[in-house]
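Okay, here's what each chain looks like letter by letter:
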Amino acid sequence: MSEQQFKTDSGIEIKEVYTEPVQMNEQPGEYPYTRGVHASMYRNKLWTMRQYAGFSTAEESNKRYHYLLNQGVMGLSVAFDLPTQIGYDSDSEMAEGEVGKVGVAIDSLEDMEILFKGIKLEDISTSMTINATGFILLSLYIALAKKQGADIKKISGTIQNDILKEYAARGTYIYPPAPSMRIITDIFEYCSKEVPKWNTISISGYHIREAGSTAVQELAFTLANGKAYLKAAQEKGLDINVFAKRLSFFFNAHNNLFEEVAKFRAARRMWAKITKELGATDPKAQMLRFHTQTGGSTLTAQQPMNNIVRVSLQALSAVLGGTQSLHTNGYDEALSLPTETAAGIALRTQQIIGYESGVTDTVDPLAGSFFVEQLTNEVEAEAWKLISKIDAMGGAVKAIEQGFMQEEIARSSYQYSKDIESGKKVIVGVNKFVTEETNDTPLLKIDDSIRQLQSEKLKALRAKRDNTKVEQCLKAIKDAAGTTQNLMPLVIEAVENLCTLGEISDTLRAVWGEYKG
């Protein structure tokens, strides 16, 4: 009888015992940052504890933000509804059935004011999960900060702004790749001068993993996309030692604790090498800083309270892996948007790890483990193989255009589903230890009347604003779209004059068209 093989979710074989030490002379805070980007890590300051929230109207989301801030959240993380993500106002026929459903509906500066009512933008860090319309949401945020009297050079936060993973895995793109990359480099250029504390892109492996990739694929494809952004910015004449400091990453945390820790450690080492090869000499430009979210696709609708344990394991892997910021999912998110109770438990999970577990008392506590060090090396080696294939195709944009990343992710997703169906992969409460249950989990329901409310607000907005000025602003954006002029100042002026998100998006659609995958 052949001996059973044990493998990680990426297919890396796990030995029965590890006896060989791996040479480990690296120090935290020093190149290549395997052990962390800061010398003292959490001994000095815990990671930023965020809770991803946004639903219904700006008014309702604002109430949730105040609740979370009162519970000890250190930074806000905003979820936007689908129409906002793909550039449609709430009264557009394309928005029907989706307004306020998977996030908050934001149509104008007035919505942004309500969203952050009673919250000083200079005092918090805000992460916004937005991509194709990221430049508009950032413009709205800057316009609101100016209206609050803030020094925009002091406001801090992150826009996801990672369009390449939208083409590869998620699908909320608007424009073709070339103009989309142009918008991103416009943001890099503008923010490096005007909003220097803002992280201008969060290069996301999260959605690649949610689409069904393995940990190794998540790592490789994310870093390959990162390389593409570095090169695009350099081609625009930007200094890697300036703009690379404002890049951050966004990773998923799944259940295989040691593979996830190895992935995070390998990511820092690989990014340090990538940036150095492209000319970065400033240590801060070589550091991979990342936000983590626990795995949405790992949550089960069956026995949902089990998800509290899954989220705890995943959060622990992120902390042991040295994350700079963390969101923990609510146990009920396989059923609906999280209730206030579920969001509270998710935040307390982070606080218990941070203040009670002891894992934050020393830097990189798993360093030197024969198993973890070997696994870190193996995850890195497998990821480099994939990056080499992508480089041979001409980089991430070409690899996406050829369907390489999409096919790799689809293949892994199919295999994972087959393994669950066959029982080879055990999911507690789904294909093993199943019980008869009636679902009495309280759910957060979003009323379909939200679209009507938003439409009425838009009607009133268009009636009271200076529509001549609106037309001038939109024409300026349209004229600049065919040039190399930076669009950000024009978009900021447009939102200050109450142009809507949909109007700005449609203006650029008329010039660039829409991408058809």
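Scope of this entry: the structure provided in the associated data block. Each residue is numbered by its place in its chain's sequence as written, counting from 1. Under the rules for a predicted model, residues below a pLDDT of 70 receive no local features and side-chain atom pairs below 80 are neither given nor counted, while totals for whole chains, interfaces and linings still include all residues. To get the side-chain values, take all heavy atoms of the structure and skip hydrogens and water.

## Re the pattern of salt bridges
Then, number 1: Salt bridges are defined as contacts in which a side-chain nitrogen from Lys or Arg sits within 4 Å of a carboxyl oxygen from Asp or Glu. Applying the stated criterion to the full structure yields 34 salt bridges.
Then, number 2: Glutamate 194 is the salt-bridge partner of lysine 153, the closest N and O atoms lying 3.8 Å from each other. A residue pair is termed long-range when its members are at least 10 positions apart, and lysine 153 in the loop between α4 (134-147) and β4 (156-159) and glutamate 194 in helix α6 (residues 177-194) qualify at 41 residues.
Then, number 3: The classification of residues rests on relative accessible area computed with a 1.4 Å probe and restricted to protein chains. Under 20% of the type maximum is buried, over 50% is exposed, and intermediate values are partly exposed. Judged by its relative accessible area of 40%, lysine 153 falls in the partly exposed class.
Then, number 4: The partly exposed category is assigned to glutamate 194, whose relative accessible area is 32%.
Then, number 5: Two residues, lysine 385 and glutamate 382, come together in a salt bridge whose shortest N-O distance is 3.0 Å. With lysine 385 and glutamate 382 both in helix α14 (residues 370-393), this residue pair falls 3 residues apart, about one helical turn.
Then, number 6: The class for lysine 385 is exposed, based on a relative accessible area of 51%.
Then, number 7: We classify glutamate 382 as partly exposed; its relative accessible area is 31%.
Then, number 8: Here the salt bridges share partners, and the residues they tie into one network are Asp89, Asp91, Arg462, Arg465 and Glu503. Runs of H or I in DSSP of at least four residues are treated as helices and runs of E of at least two as strands, each being numbered from the N terminus.

## Focus on the sheet that holds strand β5 (residues 198-199)
Then, number 1: Any two strands between which DSSP finds at least two bridges are classified as paired. Read from one edge to the other, the open sheet built from 9 strands follows the order β5-β4-β3-β2-β1-β9-β8-β7-β6, with strand pairing classed as parallel. Each of the sheet's edge strands pairs with one partner strand only, and the pair in question is β5 and β6 (201-204).
Then, number 2: One ladder, built from 2 bridges, connects β4 with β5; its direction is parallel. By the bridge assignment for β5, glycine 157 is matched with tryptophan 198.
Then, number 3: Residues count as neighbours in contact if any of their non-hydrogen atoms are within 4.5 Å of one another. Lines fitted to C-alpha atoms define the axes, with helix axes restricted to the stretch in contact, and inter-axis angles between N-to-C directions lie between 0 and 180 degrees. Along the sheet, helix α13 (residues 340-356) contacts β1 (48-53) and β9 (325-327); its crossing angle with β1, the most-contacted strand, is approximately 165°.

## Some points on the packing of helix α8 (residues 215-235) against helix α10 (residues 257-277)
Then, number 1: For the pair α8 and α10, the least separation of the axes is 10 Å and the interaxial angle reads 25°. Taken as axis vectors, α8 and α10 run roughly parallel relative to one another. Between α8 and α10 lies a crossing of right-handed hand. Contact residues: Ala215, Glu218, Leu219, Leu223, Gly226, Lys227 and Leu230 in α8; Glu259, Glu260, Lys263, Ala266, Ala267, Met270, Trp271, Ile274 and Thr275 in α10.
Then, number 2: Residue polarity follows a fixed list, in which Ala, Val, Leu, Ile, Met, Phe, Trp, Tyr, Cys and Pro are nonpolar, Asp, Glu, Lys and Arg are charged, and the others, Gly among them, are polar. Here the residues of the contact of α8 with α10 are counted per class, giving 9 nonpolar, 2 polar and 5 charged. Here is the rule for angles: anything less than 35 degrees is roughly parallel, anything more than 145 is roughly antiparallel, 65 through 115 is roughly perpendicular, and the remaining ranges are oblique. The crossing is said to be left-handed when, going from far helix to near helix, the turn is anticlockwise and less than a right angle, and right-handed when the turn is clockwise.

## Re the packing of aromatic side chains
Then, number 1: Note on aromatic pairs: the rings of Phe, Tyr and Trp (six-membered ring only in Trp) are paired at centre separations within 6.5 Å, and the planes decide the class, stacked below 30 degrees, edge-to-face beyond 60, tilted for the rest. Overall, the coordinates contain 19 aromatic pairs when judged by the stated rule.
Then, number 2: A ring pair is formed by phenylalanine 249 and tryptophan 271, whose centres lie 4.8 Å apart and whose planes are at 75°; its orientation type is edge-to-face. In this pair, phenylalanine 249 is assigned in strand β7 (residues 247-253) and tryptophan 271 in helix α10, connecting sequence segments 22 residues apart. As far as the burial class goes, phenylalanine 249 and tryptophan 271 line up, both buried.
Then, number 3: Seen from their ring centres, phenylalanine 264 and phenylalanine 290 are 5.0 Å apart, and the 20° between their planes marks the pair as stacked. Note that phenylalanine 264 is positioned in helix α10 and phenylalanine 290 in strand β8 (residues 290-294), a separation of 26 residues in sequence.
Then, number 4: Taken together, the aromatic side chains of Phe249, Phe251, Phe264, Trp271 and Phe290 make up a single cluster linked through ring pairs.
Then, number 5: To sit over a ring, a charge needs its Lys NZ or Arg CZ within 6 Å of the ring centre and within 35 degrees of the ring normal. When the ring centre of tyrosine 31 is taken as reference, the NZ or CZ atom of lysine 276 above it lies at 4.4 Å.
Then, number 6: Here arginine 509 stacks its cationic end above the ring of tyrosine 88, 4.2 Å away from the centre of that ring.

## What about the pairing of β1?
Then, number 1: Taken across its 6 residues, β1 has 5 buried, putting it largely inside the fold.
Then, number 2: Orient the strands so they point away from the viewer; a crossover is then right-handed if the path from the first strand over the helix to the second runs clockwise. Read from β1 through helix α1 (residues 58-70) to strand β2 (residues 75-79), the crossover connection turns out right-handed.

## Observations regarding a nonpolar patch on the surface
Then, number 1: Patch rule: a residue counts if its relative accessible area is over 30% and it has no salt bridge; like charges are joined within 9 Å, and nonpolar side chains (Val, Leu, Ile, Met, Phe, Trp, Tyr) within 5 Å. Only the protein chains shown count as covering a residue, and every accessible area follows the Shrake-Rupley method with a 1.4 Å probe. A grouping of Val426, Val428 and Phe433 is seen on the molecular surface, where their side chains present a nonpolar patch of about 260 Å² in accessible area.
Then, number 2: The topology assignment puts valine 426 in the loop between α16 (404-422) and α17 (450-464).
Then, number 3: Given a relative accessible area of 40%, valine 426 falls into the partly exposed group.

## Observations concerning the pairing of strand β3 (residues 125-129)
Then, number 1: Of all 5 residues that make up β3, 5 are buried, and the element is covered over most of its length.
Then, number 2: Where burial is concerned, the two faces of β3 agree: the one with Ser125, Ser127 and Thr129 and the one with Thr126 and Met128 are both buried.
Then, number 3: Alignment of β2 against β3, held across 5 bridges, turns out to be parallel. Bridge pairing links valine 78 to methionine 128 in β3.
Then, number 4: As paired elements, β3 and β4 share 4 bridges and run parallel to each other. Across the sheet, methionine 128 pairs through a bridge with isoleucine 159, a residue of β4.

## Quick look at the side chain of histidine 254
Then, number 1: Checked against the element boundaries, histidine 254 lands in the loop between β7 and α10.
Then, number 2: Overall, the relative accessible area of 8% leaves histidine 254 in the buried class.
Then, number 3: Excluding residues within four positions of it along the chain, histidine 254 makes contact with Arg209, Glu210, Glu260, Gly295, Ser297, Thr298, Gln314 and Ser317.

## Concerning the nonpolar core
Then, number 1: Put simply, a nonpolar core is a bunch of buried Ala, Val, Leu, Ile, Met, Phe, Trp, Tyr and Cys residues held in one set by side-chain atoms that sit within 4.5 Å of each other. Counting 131 residues, the largest nonpolar core has Met112, Phe116, Met128, Met405 and Ile504 as its most contacted members.
Then, number 2: It is α8 that provides the largest number of residues to this core, a total of 11 residues.
Then, number 3: With residues near it in sequence (within four places) discarded, methionine 128 still touches Val78, Phe80, Met112, Leu137, Leu138, Tyr141, Thr158, Ile159, Gln160 and Trp198.
Then, number 4: Residues Leu257, Val261, Leu366 and Val372 belong to the second largest nonpolar core, which totals 5 residues.

## A look at the environment of arginine 182
Then, number 1: By the secondary structure assignment, arginine 182 is in helix α6.
Then, number 2: Sequence spacing of arginine 182 and leucine 288 is 106 residues, and the spatial spacing of their C-alpha atoms is 23 Å.
Then, number 3: When near neighbours in sequence (up to four residues on either side) are disregarded, arginine 182 contacts Ala480, Ala481, Thr483, Thr484, Gln485, Leu487 and Trp512.
Then, number 4: Polar contacts, as used here, are pairs of N or O atoms within 3.5 Å; protein pairs need one atom able to donate a hydrogen and one able to accept it. Residues neighboring in sequence count only if both atoms are side-chain atoms. A polar atom in the side chain of arginine 182 sits 2.9 Å from the backbone oxygen of alanine 481.

Any functional reading would require information that these geometric values do not contain.
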